[in-house]
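Remarks on the overall topology
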Amino acid sequence: MATISKAEKLDAVRKDVDRLNSETSNADQLMEGVTVLLNEQMLKYNWVGFYMLEAGADPPMLVLGHYQGAMTPHLRIPLNQGICGAAASSGKTVVVDDVSKDPRYLACSIETKSEIVVPVFVSGLVAGELDIDSHFAAAFDFQDRKLVEYCAQIVGKRLESE
Ligand code: SME
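Here is a short report on the structure shown in this document. (Residues numbered from 1 in each chain as written. Predicted model: local features only at pLDDT ≥ 70, side-chain atom pairs only at ≥ 80, totals over all residues. Heavy atoms only, no water.)

A few points about unusual backbone geometry
For clarity, the threshold we go by: Working definition: helices are DSSP H or I runs of at least four residues, strands are E runs of at least two. Numbering for both runs from the N terminus. Burial status follows relative accessibility: with a 1.4 Å probe on protein chains alone, a residue under 20% of its type maximum counts as buried, one over 50% as exposed, and anything between as partly exposed.
The peptide bond linking D58 to P59 adopts the cis configuration, its omega dihedral lying at 5 degrees. In this structure, P59 sits in the loop between β1 (47-53) and β2 (61-68). Positive phi outside glycine occurs at S123, with the angle close to 50 degrees. Here S123 is to be found in the loop between β5 (114-122) and β6 (125-134). Here S123 falls in the exposed class, since its relative accessible area comes to 55%. Even without being glycine, A138 reaches a positive phi, approximately 50 degrees. Position of A138 relative to the elements: it lies in the loop between β6 and α4 (142-160). For A138, a relative accessible area of 45% translates into the label partly exposed.

So this is what it looks like as structure tokens:
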């Protein structure tokens, strides 16, 4: 069986994301499609979901949206909690290679070993984030980070256009 390199795989998934973006009728469908695609195509992406900032909430609150993977107890996350809160409040991608060593980590599944959270920007402001957990330590390298940031960017632009 022919094998493809990781770069080729990521490139193919990027093209699938572009296709999803043109074939879906709104941002909500796109977000659902992105979770399904990443969870199915990327073998180490074991939980994939969006948390979106609740409109008008004071204090600000991240609310679970579309996701693939096991049910999580964290349906709502304040910005001062978790890796999710850290990414949303800083507006920066957070990659954690070993969640057991990060005191900010809110456990979703005992199988999770590493996590990436990428903010979604709409008109320059954080509107939510794309969160991915892996059962493998250090699952998210530079190439993964670029793919997940690409997905978050496409979703942000789509939300901006609605
Ligand atoms: N681990 C996240 C919580 C969300 S679950 O991973 C789905 C955090 O530390 O914020």
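Now that the structure is up, let's keep going.
What about the site of the ligand?
Counted only if it meets this: A cutoff of 4 Å decides nearness: a residue is near a molecule or strand if any of its heavy atoms lies inside that distance of it. A 3.5 Å cut-off defines polar contacts: any pair of N or O atoms within that distance qualifies, except that in protein one atom must be a possible hydrogen donor and the other a possible acceptor, and neighbouring residues in sequence count only when both atoms are side-chain atoms. Methods summary: accessible areas were calculated by the Shrake-Rupley approach with a probe of 1.4 Å, and residue burial reflects only the protein chains presented. Think of a 1 Å grid over the protein atoms and nothing else: a 1.4 Å probe that fits but is trapped marks a cavity, an open set flanked by protein within 12 Å on at least five of seven lines marks a pocket, and residues with an atom within 4 Å of a point count as lining. Pocket occupancy is defined atom-wise: a molecule lies in a cavity or pocket when more than half of its atoms are within 2 Å of its grid points.
In the vicinity of the ligand there are 13 residues, among which I83, C84, L106, E115 and D133 approach most closely. Note that an oxygen atom of the ligand is positioned 2.8 Å from one of the backbone N or O atoms of L106. In isolation the ligand has 310 Å² of accessible area, and contact with the protein removes 100% of it. Of the pockets mapped on this structure, the ligand occupies the largest cavity. Looking at the shell around the ligand, the elements with two or more residues in it are β1, α3 (82-90) and β6.

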